[in-house]
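Structure at a glance
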8 protein chains.
Amino acid sequence: MTESETRALLQAVAEGSSSVEDAVMKLKMAPYDDIDIARLDTHRGLRQGIGEVIYGAGKTPEQIDRIAHALWKDGQRTILITRMTQEAADALTKDIPFTYYSDAHAGVVGSMIEPDCEGTVLVITGGTSDIPVAEEAAITAETLGNKVERVFDVGVAGIHRLLSNTDSIMAANVIIAIAGMEGALASVVGGLADCPVIAVPTSVGYGTAFGGVTALLSMLNSCASGVSVVNIDNGFGAGYLASMINHKGVAV
Amino acid sequence: MTESETRALLQAVAEGSSSVEDAVMKLKMAPYDDIDIARLDTHRGLRQGIGEVIYGAGKTPEQIDRIAHALWKDGQRTILITRMTQEAADALTKDIPFTYYSDAHAGVVGSMIEPDCEGTVLVITGGTSDIPVAEEAAITAETLGNKVERVFDVGVAGIHRLLSNTDSIMAANVIIAIAGMEGALASVVGGLADCPVIAVPTSVGYGTAFGGVTALLSMLNSCASGVSVVNIDNGFGAGYLASMINHKGVAV
Amino acid sequence: MTESETRALLQAVAEGSSSVEDAVMKLKMAPYDDIDIARLDTHRGLRQGIGEVIYGAGKTPEQIDRIAHALWKDGQRTILITRMTQEAADALTKDIPFTYYSDAHAGVVGSMIEPDCEGTVLVITGGTSDIPVAEEAAITAETLGNKVERVFDVGVAGIHRLLSNTDSIMAANVIIAIAGMEGALASVVGGLADCPVIAVPTSVGYGTAFGGVTALLSMLNSCASGVSVVNIDNGFGAGYLASMINHKGVAV
Amino acid sequence: MTESETRALLQAVAEGSSSVEDAVMKLKMAPYDDIDIARLDTHRGLRQGIGEVIYGAGKTPEQIDRIAHALWKDGQRTILITRMTQEAADALTKDIPFTYYSDAHAGVVGSMIEPDCEGTVLVITGGTSDIPVAEEAAITAETLGNKVERVFDVGVAGIHRLLSNTDSIMAANVIIAIAGMEGALASVVGGLADCPVIAVPTSVGYGTAFGGVTALLSMLNSCASGVSVVNIDNGFGAGYLASMINHKGVAV
Amino acid sequence: MTESETRALLQAVAEGSSSVEDAVMKLKMAPYDDIDIARLDTHRGLRQGIGEVIYGAGKTPEQIDRIAHALWKDGQRTILITRMTQEAADALTKDIPFTYYSDAHAGVVGSMIEPDCEGTVLVITGGTSDIPVAEEAAITAETLGNKVERVFDVGVAGIHRLLSNTDSIMAANVIIAIAGMEGALASVVGGLADCPVIAVPTSVGYGTAFGGVTALLSMLNSCASGVSVVNIDNGFGAGYLASMINHKGVAV
Amino acid sequence: MTESETRALLQAVAEGSSSVEDAVMKLKMAPYDDIDIARLDTHRGLRQGIGEVIYGAGKTPEQIDRIAHALWKDGQRTILITRMTQEAADALTKDIPFTYYSDAHAGVVGSMIEPDCEGTVLVITGGTSDIPVAEEAAITAETLGNKVERVFDVGVAGIHRLLSNTDSIMAANVIIAIAGMEGALASVVGGLADCPVIAVPTSVGYGTAFGGVTALLSMLNSCASGVSVVNIDNGFGAGYLASMINHKGVAV
Amino acid sequence: MTESETRALLQAVAEGSSSVEDAVMKLKMAPYDDIDIARLDTHRGLRQGIGEVIYGAGKTPEQIDRIAHALWKDGQRTILITRMTQEAADALTKDIPFTYYSDAHAGVVGSMIEPDCEGTVLVITGGTSDIPVAEEAAITAETLGNKVERVFDVGVAGIHRLLSNTDSIMAANVIIAIAGMEGALASVVGGLADCPVIAVPTSVGYGTAFGGVTALLSMLNSCASGVSVVNIDNGFGAGYLASMINHKGVAV
Amino acid sequence: MTESETRALLQAVAEGSSSVEDAVMKLKMAPYDDIDIARLDTHRGLRQGIGEVIYGAGKTPEQIDRIAHALWKDGQRTILITRMTQEAADALTKDIPFTYYSDAHAGVVGSMIEPDCEGTVLVITGGTSDIPVAEEAAITAETLGNKVERVFDVGVAGIHRLLSNTDSIMAANVIIAIAGMEGALASVVGGLADCPVIAVPTSVGYGTAFGGVTALLSMLNSCASGVSVVNIDNGFGAGYLASMINHKGVAV
């Protein structure tokens, strides 16, 4: 509640056009508005109209089913469920439209929305083992209204594979670069691109790959500018952030 | 060299309007154009008209002086010098306009350019010790044509200090959240903001702060979405990326 | 054995009212009394009247059953069993009163005692995945005679959720702040509270959460004063220490 | 501002006994009161009447001098300055009463206040090298109004030295156990005491002492209950928390 | 495409013996030829005539079967499959010649080729538990046309076992030294040999062996010159590199 | 082969009492004798008459059975098998005398030999969970001819339990101190004892116990002199070394 | 005070041959005797007649001078001062006999005592940079009455250098193996020796030597039995423990 | 001493053409020959005719001067001195020919020898800060008789710079790839080259570069085959190994 809104409300009370009780109720909610609860909620629940996201890890199929139906009942028409097992997907009561993306270990209740901004989010991976993380990122970005291009298995050890996609890299509005092992993809892509690159280390590799730590460190030390990093295997986080950046062009 | 340019050149050869030797020379340079060298160069040297950046660490005052003058002679009118010591600043031959920002350990040869896009980059820190990194980020963003707002010393231990800046957080187009110690600032800001948050861990702290590693890990595990991370104390990287995101609104 | 007690004993020997052998036996035990063996025992077994605690991890259902019955036979009327599996709970011979708290993975033989001190122990968590650790802390504090208030899932990414519980935070006599991932809850709560905050990092998270190490480091570097830390997932230790602090008000 | 206070204010507006402008101003401040800004401030600045604490590390002698005088002018009569060098102490303008505690690397402007609660804070160390951290803890607790007992150099390698202080351990209301190297002191003291033990790892040691990390890990894994840990070398934090716990007995 | 080839092509266009469209197509592919795509491919796929390598880890028996048959159909006559389970070996459709090397967890489709260079690759291990990694290295080198000598279980704790193989060490053209635990084998062999030593740390050991990290660090710090290191358990990489070095003698 | 033995052999050749071929064969073996192969073998296989040790981990029951019978056939009458599962023990063909020590996860083929030296090896643990490692150490020492005293579950958190065993600590010739968690036992025992203390960290604990690393670091930094450390959970190594030290008194 | 001594004292009181007051005084000291204070003191101060050890690190030359003179006045005739700088050595008031061993960074006040046991302590190093640690170990062992043999710079990279000292290794009663970098010396020596080997990692090396951590880990994982480890650069601890083991032969 | 040599010697003894004493002396030296001492020496001292290498770190200018002159007097005509400071270079008595390579921190006494094998060693770096390590590698390879090509500052962030050197990469016989920060150079070069790549991580970078650890881990996890790694900043080791591989072509 802004200062002028507060003043208007008080004026209404002073003038008798608002009862004290009504004003109490409105002001009682104000602290939350002041720290922008509604906005926060829509923020946390992603942009209004796109719907809540259900983090499936650690939830039973029953819990996921219950939450999904509750959101559906509330009017959400695109509900993303991440880290969802095939078992949970099978267990979902099918009285609501549902698609399971097994590569992404993700499900979408309702229909995938149309892209609502112009830029493309390029999701690019070093290897085929990085694809589950890449698909999580891609599906996330798509459910948030982004056009997504996928370029997989173009690791730097065969640099020509990567270079043959230079056009896609140049054309992207934001890039999600996903790699395990030594994570060098982020640096090379970062050097080729002139848009923000979100680097996602994956737990692909063995021995001193240390479950993604090596790729993470490599990406944090990228000699290319414009690269930032999210947690290991965090495809959702990258897709979410990419959508945020991609929608900047629309809002400003 | 694009496909159509190549076709035009060959047509000229076929028609005799270009000699074979001239065409050989043009095509010989093409591979670099094909992988877009010019663009890469302008990319690496930041956007044309903004100028090259000189990374001052490990360079002698003489080297910095020489490079700065060379760039100036080449026509660059805004040259950012990061990690520049007071000593190097004093040693710079003053036949070119120069301003030293001691808090940022940065210098700018020429004049700071006017903001060329509408959004604001909010630079926010947890403590006063984080200010050098924050100023490096801010000066970088400013030399790249961004409007920058600074909110310093609003660490989460006194949450009201942070909350009293909710308006700035809400209004920002991209936020750079800078903190050492436990780095919780990124999570709280990430929860309040609806724009991308670039988290910069700093080496502020002692003992188990481990020179910024604790803040880094904390930021990578932020429970808020929309947060990505750069290397410890990497104010320049954050400012550069923020500018990239902030300019998205203009180009699209 | 104090100096005067020793003198009295020797006097008795000198006077013949104590035999040498009796005095030998008494003096033989003295060193232990000097370091207060009895008191130590009651210390280790928690306050008299509250009973022993059985650490269930690594014990077979049979072993737990045997120890529980032995303690019950010894007269203990509130016996806490931590890290107890559902299987062990099912296997407990039910000739003694028993309640299993599945969320806490804990069981209590006998009846939960009434709070015997005035202050409230607030158990607060960042997420729902932290609840098992939180319940272990809460049940521990309750079996030790504390009033416990639970506030769960108020992580800092949605700061308004936490702030709407400011009253509880302000009213608590001691707070147990439990969080995984980046563990920022401890810092924010520590900044709001004016009572001791015991931070418990949990192994919730993935990738660079490193099984709770990130939350631990974050909590150790809290920029708020009055925060101390226990081992990862150590709900029992936090509940025990909270009870110790909470009972200070009674004894002094 | 409670609901009833809000109602009363609105009633006054409705009745004309409060102008709209006055009500706006009062409500404008409410959000902060709601999160209890005043209390927060006194919290952060420690208990009223005891005064602000100045963290001396990273501040120039001039800055310390200026802040100390400002606080003195504001009426603070006990101002603790931690991590203060001898040089900074010498540089302090001596128109205000000042004592420098060189062992603690701390200074106190004004007079040390009398203990205002009954319990004793026992500060105990494993070796003589731990004394600077111990003195920081002790001086902090004393400036916060606690009776402090010091027992230094009673490491567990000569367990009789420690045991000969069993009485002090038993009598304490809260104990600060400070040790470097293997940090075993916390476990042994924790086993002997029946009050909260705040363990402070120190950076004393070499090789695999890893600057205090070994002591820290050791203390976090203490087999004794009632032990919690603060950051390496954090004497101030321990003294502050000890005072918080020690004053519990007074308030309840 | 070399300069003379380009000149020839342009001459053909100028002379009309090549259409513009054909030349466009050829030039479009040129950049890749310039960075030697064909060579890269044969490089990545190992030397022509030896065939592709299938990394079996993370592939289903069906996927392995399908790829192996595709390569066979393409004319590859020696196809190495690494990290192949017994299950995958059993599942391979046996209409193509196939041998499974269970110690190496590797299979070879087609026939093992004859050594095509003179030097010997010595594969030497510290213990018997290192044999699976050693066999992966040996089989890899053999499928790449190398003579391989195996000397297993000659760890440094019984130095005479190692010394009795001094002749083999002296005669080798390149040595692969494989060890877990403290990895000292690499240093001792490195001191005895006058040829390159490729050290492979293995995950053999327990406790502070840290899954091969200790052996890795030990090998990186070898006091002997001529020793380099590959990733933990990376028998394939060592065998591949050994073959590369061993074939140097042929090509130069 | 000593110099005098060599001289004698050559004299025999010179005198014709040894053929050249016989001398060649004898000298051929000499290098190994020179580095004392026989002794090495008996060393590695432990003292003659005590027999070989079979490291059971990673061996199938069949392999263990086969090796045990081979050694028995070779005349070994006390064969220690460490890290032996109950399953392997059950599978051992019982045509040879065999005892399985389930606590130690160890088996002994043949009969336990009588102590052949006077000193006592004291095996002492912090908790009951350390017993498997302790029993491995104890059984190892016993099969090597040592008198062993066991004192278990005397962790430092209840220091009186440990002190009540001061006599045993004082009387021991060598002590094996075994503990997990914070490993403080080694320091306290090291301070009480005047004989060598072999510290064995165990993987007992959770969270920051880091699988025994914390106990290891703690023990390496023991403030008591006379303490050395072996690998985590290495009961066998400690028992073996203790026997070596304990037998010093006999041999000198 | 043993049970029989206590009985005798009481008997004397009963018989009047001891006054009650005298007995009180004697018993008052008993708790310390019971936990063996005298013995502990002589233990901590090393064997009676050999004298106290002064740890010079962190002590001013004046403090060292004062303590050394105090001990000398108390009758100690061999006083070891470890980690003593040349500066401190120069500053020592020379009214007492004193020798400074610059290689060992150690000084000895009084005269070095004669070996009082038969066995030899072999101090062996991998390189010349390990000599300071080796000399600290050697001087320590010598001041404690041991015969010491030094064999330096026989690292495993030139195994023949080590093997040419096989006789010394075989003849030693206890070996101190000192090495930095990869620390393989301990394993090779451990395999050759049939006596206890105390391994001392040193901070010699660079990069991944990690200040001695690599050598430490390597030594803890030695594939040879009979090897135990002390802290990085802890020459004193190794010399002290070696003396303890070496003197076993005398006492039993 | 080979078997046939031994037989010949014994025959001589049998025939009286060698005295027993002479044979004793010859056989006494044999064990060393058997383990090939001479060869080892030439190995350790590098190939005969090339000369000894002096590791200058930790040696005083006087020590370096003395050793260099001793080697020169012994007839060595190319003496490499690594990690040599300018000060040590200046202090070298100039009665022998000497060149100081300041970039490499290396000096060469005598004359640089001509390449004695055909292949080229390519030394390639990611940045300019890596040049000191690169020059150490290059000078080492040159003093060992190799043709060296230098390509510096072609980091992957500007991939075209690297690709424009594809010819050099393709033409090399062995490549030394040197990089700090994220170390991605090794992977990209490894993917382009068909010869062995020795990767050298450097300590260039800040924050999470961790003094070269990140580059090291990245290189160990290179997705390209044919890449092995040496210690951080170990230019000498890389140059030495490169020479070993490069000379393979000559010897076979």
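Residues numbered from 1 in each chain as written. Chains lettered and ligands numbered in written order. Predicted model: local features only at pLDDT ≥ 70, side-chain atom pairs only at ≥ 80, totals over all residues. Heavy atoms only, no water.

Take the overall build of chain A next. Scanning chain A for helices and strands turns up 12 helices and 9 strands. Counting across all 252 residues of chain A, residues that qualify as buried make up 62%. Put simply, 68% of the contacts in chain A that link residues at least 6 apart link residues at least 24 apart. In the form shown here, chain A has an accessible surface area of approximately 8900 Å², with 51% of it arising from carbon and sulfur atoms. (Helix = DSSP H or I, 4+ residues; strand = E, 2+ residues; numbered from the N terminus. Buried < 20%, exposed > 50% of the residue type's maximum accessible area, 1.4 Å probe, protein only. Contact = heavy atoms within 4.5 Å. Areas by Shrake-Rupley, 256 points an atom, 1.4 Å probe, with all protein chains shown as cover.)

This part covers the interface of chain F and chain D. Facing the 23 residues of chain F at the interface are 23 residues of chain D. Summed over the three residues of chain F that lose the most area to chain D, namely F:Ala157, F:Glu182 and F:Asn221, the buried surface amounts to 29% of that side. Linking chain F to chain D there are 0 salt bridges. At the boundary of chain F and chain D, one finds 8 residue pairs in polar contact (both at pLDDT 80 or more). If you list the elements that add at least two residues to the side of chain F that touches chain D, you get helix H7 (159-163), helix H9 (185-192) and helix H10 (213-220) of chain F. Considering only residue class, the side of chain F that touches chain D consists of 15 nonpolar, 7 polar and 1 charged. (Buried area = accessible area lost by both parts, 1.4 Å probe. Salt bridge = Lys/Arg side-chain N within 4 Å of Asp/Glu carboxyl O. Polar contact = N/O pair within 3.5 Å; in protein donor to acceptor, adjacent residues only side chain to side chain. Nonpolar A, V, L, I, M, F, W, Y, C, P; charged D, E, K, R; others polar.)

Let's shift gears to the relation of the copies chain F and chain D. Note on the identical chains: chain F maps onto chain D by a rotation of 179° and an axial translation of 0.1 Å, with an RMSD of 0.4 Å. Both chain copies can therefore be described as sitting about a two-fold axis. For chain F, the smallest separation between a C-alpha atom and the rotation axis is recorded for F:Ala184, amounting to 2.5 Å. Taken together, the interface assignments show that 100% of the residues at the interface of chain F recur at the interface of chain D, consistent with an identical surface on both copies. (Least-squares fit on C-alpha atoms with pLDDT ≥ 70 in both.)

Attention shifts here to the domain arrangement of chain A. Residues and elements named next belong to chain A. Per the domain assignment, the segments making up chain A are domain 1 (1-30), domain 2 (40-110) and domain 3 (120-247). Each of domain 2 and domain 3 has a C-alpha centre, and these two points are 25 Å apart. Contact with domain 2, which involves 15 residues of that partner, is made by 14 residues of domain 3. Summing both sides of the interface, domain 2 and domain 3 together bury roughly 1200 Å²; the carbon and sulfur share of this comes to 68%. On inspection of domain 2 and its partner domain 3, the count reaches 1 salt bridge. Note that Glu136 is salt-bridged to Arg83, the shortest N-O span being 3.5 Å. (Domains from an automatic or database assignment.)

It is worth spelling out the side chain of D:Asn221 at this point. Mapped onto the elements, D:Asn221 comes out in the loop between helix H10 (213-220) and strand E9 (227-229). A polar side-chain atom of D:Asn221 sits 3.3 Å from a polar atom in the side chain of C:Asn231. There is a polar contact of 3.1 Å between the side chain of D:Asn221 and the backbone nitrogen of F:Ala209. In this view, D:Asn221 contacts C:Asn231, F:Met181, F:Glu182, F:Tyr206, F:Thr208, F:Ala209 and F:Thr214; residues no more than four positions away in its chain are not counted.

Here we come to the sheet that holds strand E4 (residues 106-110) of chain G. All names here are of chain G. One open sheet holds the 4 strands; their spatial order is E1-E2-E4-E3, and the pairing between them is mixed. One side of each edge strand has no neighbouring strand; the edge strands of this open sheet are strand E1 (53-55) and strand E3 (98-101). On average, adjacent strands in this sheet sit at an angle of 15° to one another, irrespective of strand direction. Sheet topology places E1 next to strand E2 (residues 78-82); 3 bridges connect them, and they run parallel. Residue pairing for E2: Tyr55 is matched across the bridge by Thr82. Sheet strands in contact with helix H4 (residues 61-73) are E1, E2 and E4, and its direction is about 160° off that of E2. (Pairing = 2+ DSSP bridges. Axes fitted to C-alpha atoms, helices over the stretch in contact; angles between N-to-C directions.)

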